[in-house]
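An overview of the molecular structure
Below are the chains, spelled out letter by letter.
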Amino acid sequence: MELSVLNIKGEDTGRKVTLSDAVFGATPNEHAMYLDVKQYLANQRQGTHKSKERNEVAGSTKKIKKQKGTGGARAGSLKAPLFVGGGRVFGPRPRNYSFKLNKKLKEVARISALSLLAKDNKVSLLESFTFETPKTKEFKSILGNLKVEGKTLLVIPAVDKNVVLSGRNLNKVKISTASDLNTYDLLNTDRVLLVEDSVNIIENLLSA
């Protein structure tokens with residue numbers, strides 16, 4: 001698969017880059033993508049939820065009414081779950097939601113996501129660029145020149161502080177380095193802009 005390299009004005013530079021079929025032309029594995037996204041979202045959870053159970057609620061342990069003769073059900077404590085302000089039965093407790101996935105499966109998931117995007121013509125190549133100072137207006141003009149709409153993922157070869165600061169304030173723009181690319185970001189976008197130098201990094205990481 002060959003893609004033309006565009007400049008920041010949206011014009012064709014005349015150069016073309018051949019994408020590896022092993023990374024951008026593979027048969028997508030939906031289950032691998034599902035597991036990788038599930039792990040990514042699970043890792044975002046803090047797991048700090050907690051509710052008080054019967055033994056943790058503050059209150060008197062005095063029996064609230066006599067055992068018999070009231071005409072109602074027997075009751076021993078205001079902390080019982082059936083009373084307002086009582087403890088919760090089997091409530092949530094702090095826990096760790098993360099789980100392990102094999103490295104190879106995660107690689108297959110990323111390759112599958114990249115292949116899906118390439119198949120749907122949602123991948124564009126952009127020549128290397130930077131900003132002298134952070135300028136969101138200039139970043140937005142580049143997206144306009146490229147006629148990009150919807151969620152956009154910009155993949156850069158290495159951290160460029162001025163580029164990151166220029167784009168982080170735009171709601172539908174996500175900036176990632178090639179080495180930090182993940183399946184969730186790839187599937188949660190309408191268009192991927194690959195900076196030319198990031199292609200080799202991605203292919204070297206995923207085709208090993």
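Everything here concerns the structure above.
These numbers come from a predicted model, not from an experiment.

On to the packing of helix 3 (residues 103-119) against helix 7 (residues 196-206). With their axes 10 Å apart at the nearest point, helix 3 and helix 7 run at an angle of 140° to one another. Comparing the axis directions of helix 3 and helix 7 gives the class oblique. Residues Glu107, Arg110, Ile111 and Leu114 of helix 3 lie in contact with helix 7, whose contacting residues are Ile202, Leu205 and Leu206. Tallied by class, residues from the contact of helix 3 with helix 7 come to five nonpolar, no polar and two charged.

Our next topic: the side chain of Thr183. The topology assignment puts Thr183 in helix 6 (residues 183-187). Aside from chain neighbours lying at most four places away, what touches Thr183 is Met33, Asp36, Val37, Lys106, Ala109, Arg110 and Ala113.

Before going further, it helps to spend a moment on the nonpolar core. By size, the foremost hydrophobic cluster in this structure holds 26 residues, and its most contacted members are Phe24, Leu114, Val155, Leu186, Leu194 and Ile202. Secondary structure elements with two or more residues in this core: strand 1 (2-6), helix 1 (21-24), helix 2 (30-44), helix 3, strand 3 (123-126), strand 4 (152-156), strand 6 (191-195) and helix 7. No other element matches helix 3, which puts six residues into this core. One finds Phe131, Ile142, Val148 and Leu154 within the second-largest nonpolar core, a separate group that totals 16 residues.

Turning our eyes to something else, we now look at helix 7. Within helix 7, burial applies to Glu196, Ser198, Val199, Ile202, Glu203 and Leu206. Looking down the long axis of helix 7, one finds its buried residues gathered within 135° of arc, a one-sided arrangement.

Overall, mixed pairing links the six strands, which are arranged 2-1-3-6-4-5 in an open sheet. The sheet terminates laterally at strand 2 (12-18) and strand 5 (173-177), the two strands that pair on one side only. The average angle at which neighbouring strand axes cross in this sheet is 30°, direction not considered.

Attention now goes to helix 3. Given a rise of 1.5 Å per residue, 17 residues ought to cover 24 Å, and the 24 Å separating the end C-alpha atoms of helix 3 matches this to within 8%. Among the residues of helix 3, Ala109, Arg110, Ile111, Ser112, Ala113, Leu114, Ser115, Leu117 and Ala118 are the ones counted as buried. Tucked inside the fold, the buried residues of helix 3 contact helix 1, helix 2, strand 3, helix 6, strand 6 and helix 7. Two residues or fewer past helix 3, Asn121 is found with a positive phi of approximately 55°.

Rules and cut-offs
Residues numbered from 1 in each chain as written. Predicted model: local features only at pLDDT ≥ 70, side-chain atom pairs only at ≥ 80, totals over all residues. Heavy atoms only, no water. Axes fitted to C-alpha atoms, helices over the stretch in contact; angles between N-to-C directions. Helix = DSSP H or I, 4+ residues; strand = E, 2+ residues; numbered from the N terminus. Parallel < 35°, antiparallel > 145°, perpendicular 65-115°, else oblique. Contact = heavy atoms within 4.5 Å. Nonpolar A, V, L, I, M, F, W, Y, C, P; charged D, E, K, R; others polar. Core = buried A, V, L, I, M, F, W, Y, C linked by side-chain atoms within 4.5 Å. Buried < 20%, exposed > 50% of the residue type's maximum accessible area, 1.4 Å probe, protein only. Arc of directions from axis to C-beta. Pairing = 2+ DSSP bridges. Expected span 1.5 Å × (residues − 1).

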